[in-house]
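# Structural overview
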Amino acid sequence: MAVGIFDSGLGGLTVLDAAMKRLPEVPFVYYGDNAHTPYGVRDSEDIYELTTAGVSRLFEAGCDLVILACNTAAAVALRRMQESWVPSDKRVLGVFVPLIEALTERQWGDNSPPREVAVKEVALFATPATVSSRAFQRELAFRAIGVDVEAQPCGGVVDAIEDGDMILAEALVRSHVEALQRRMAKPQAAILGCTHYPLMEKEFQEALGADVKVYSQANLVAESLADYLTRRPEMVGTGTESLFLTTGDPARVTNKATQFMRRKMDFISA
Ligand code: DGL
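My aim in this report is to walk through the structure given alongside it, one point at a time. Just so we're clear, the structure is a prediction, and the values are computed from it rather than from any experiment.

## A few points about the sheet that holds strand β12 (residues 267–269)
Here six strands make up an open sheet; going across it, the order is β4-β3-β1-β2-β11-β12 and the pairing parallel. Pairing within the sheet leaves two strands with one partner each, and these edge strands are β4 (91–93) and β12. Pairs of neighbouring strands in the sheet enclose a mean axial angle of 25°, with direction left out of account. In this sheet, β4 lies alongside strand β3 (residues 63–68) in parallel orientation, the contact comprising three bridges. Paired with I67 across the two strands is L93, which belongs to β4.

## Structural notes on the side chain of H196
With respect to the helices, strands and loops of the structure, H196 is situated in the loop between β9 (189–192) and α9 (201–208). Look at H196 and you get buried, because its relative accessible area is 1%. Here the side chain of H196 touches G11 through a polar contact of 3.3 Å, landing on its backbone nitrogen. Not counting chain neighbours up to four residues away, the residues in contact with H196 comprise D7, S8, G9, L10, G11, V158, I161 and E162.

## Side note on the site of the ligand
If you check the shell around the ligand, you find 14 residues, and the closest are S8, Y39, G40, T72 and H196. Backbone polar atom of Y39 to an oxygen atom of the ligand: 2.7 Å apart, as the coordinates give it. In this structure, H196 approaches the ligand through a side-chain N or O atom, which is 2.8 Å from a nitrogen atom. Within the complex, 100% of the 300 Å² of free accessible area of the ligand lies under protein. Of the residues belonging to the shell around the ligand, the class tally is five nonpolar, eight polar and one charged.

## Some remarks on the side chain of D17
Following the sequence through the fold, D17 ends up in helix α1 (residues 12–22). Those residues in contact with D17 that sit more than four places away from it in its chain are M261 and R263.

## Notes on the pattern of salt bridges
Inspection of the entire model under this criterion finds 16 salt bridges. The salt bridge partner of R183 is E150, with a shortest N-O separation of 2.8 Å. Of this pair, R183 sits in helix α8 (residues 166–183) while E150 sits in strand β8 (residues 148–153), placing them 33 residues apart in sequence. Accessibility expressed as a relative area gives 41% for R183, which makes it partly exposed. Assessed through its relative accessible area of 22%, E150 is described here as partly exposed. In this structure, R231 and D227 form a salt bridge, with 3.4 Å as the shortest nitrogen-oxygen distance.

The rules behind these values
Residues numbered from 1 in each chain as written. Predicted model: local features only at pLDDT ≥ 70, side-chain atom pairs only at ≥ 80, totals over all residues. Heavy atoms only, no water. Pairing = 2+ DSSP bridges. Helix = DSSP H or I, 4+ residues; strand = E, 2+ residues; numbered from the N terminus. Axes fitted to C-alpha atoms, helices over the stretch in contact; angles between N-to-C directions. Buried < 20%, exposed > 50% of the residue type's maximum accessible area, 1.4 Å probe, protein only. Polar contact = N/O pair within 3.5 Å; in protein donor to acceptor, adjacent residues only side chain to side chain. Contact = heavy atoms within 4.5 Å. Near = heavy atom within 4 Å. Areas by Shrake-Rupley, 256 points an atom, 1.4 Å probe, with all protein chains shown as cover. Nonpolar A, V, L, I, M, F, W, Y, C, P; charged D, E, K, R; others polar. Salt bridge = Lys/Arg side-chain N within 4 Å of Asp/Glu carboxyl O.

Laid out in structure tokens, this is it:
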């Protein structure tokens, strides 16, 4: 058994990397649906079908706990999966909540009514599907009041990263930040609401300026996973083997992942 990490492609590696560093004793099984990336331009039904197929494969690989390290899948499919699909002995968790807890300075499990928080103007950068789901605003409204969220759908960034075209990705980041700034000139905080974007964190920070606090998910999710496993140690099991699965071309994904993670990662066909 192991903990499963799911993403539409390479973005979840940012979460995997942080999780492996935080929990070196835990075996992880990664599933990248590189054959179907990007999810951010697909419709809800499609995202639900692809996500449940990937998570089923992770259950088969012995994972009782799966992290959807894909905001798009979490925003569009997670609630439906938790309500009617996830077996009672398994858990599937998303990546929004740790981020919102950090933004609103709340502790895990703090279910008190929403209250005013320090941050008032927040920029959200995410895929078109995540932005139109409004899942971020919905989760935020459970915890905070008086926060103005301006969301920017960042079309093309995931495709450019998956294609390894970092020059295009950088140009797109700059133009998406400019588009956002035309509607919200001075956000106090910016949320990188897609697990691919930490790979461009420096570019987001430069385009936004040093006085904007950029929240990115990898470390927050790793910390929250460590906390979860302290409370639910039975969810990890006893396995020792990490495994990296892709629906895409294993040689190509191995190459890209090794480049991003700066360590050799051998992907095999899912
Ligand atoms: N990493 C995924 C996310 O966090 C990217 C989604 C996509 O494939 O467009 O949203």
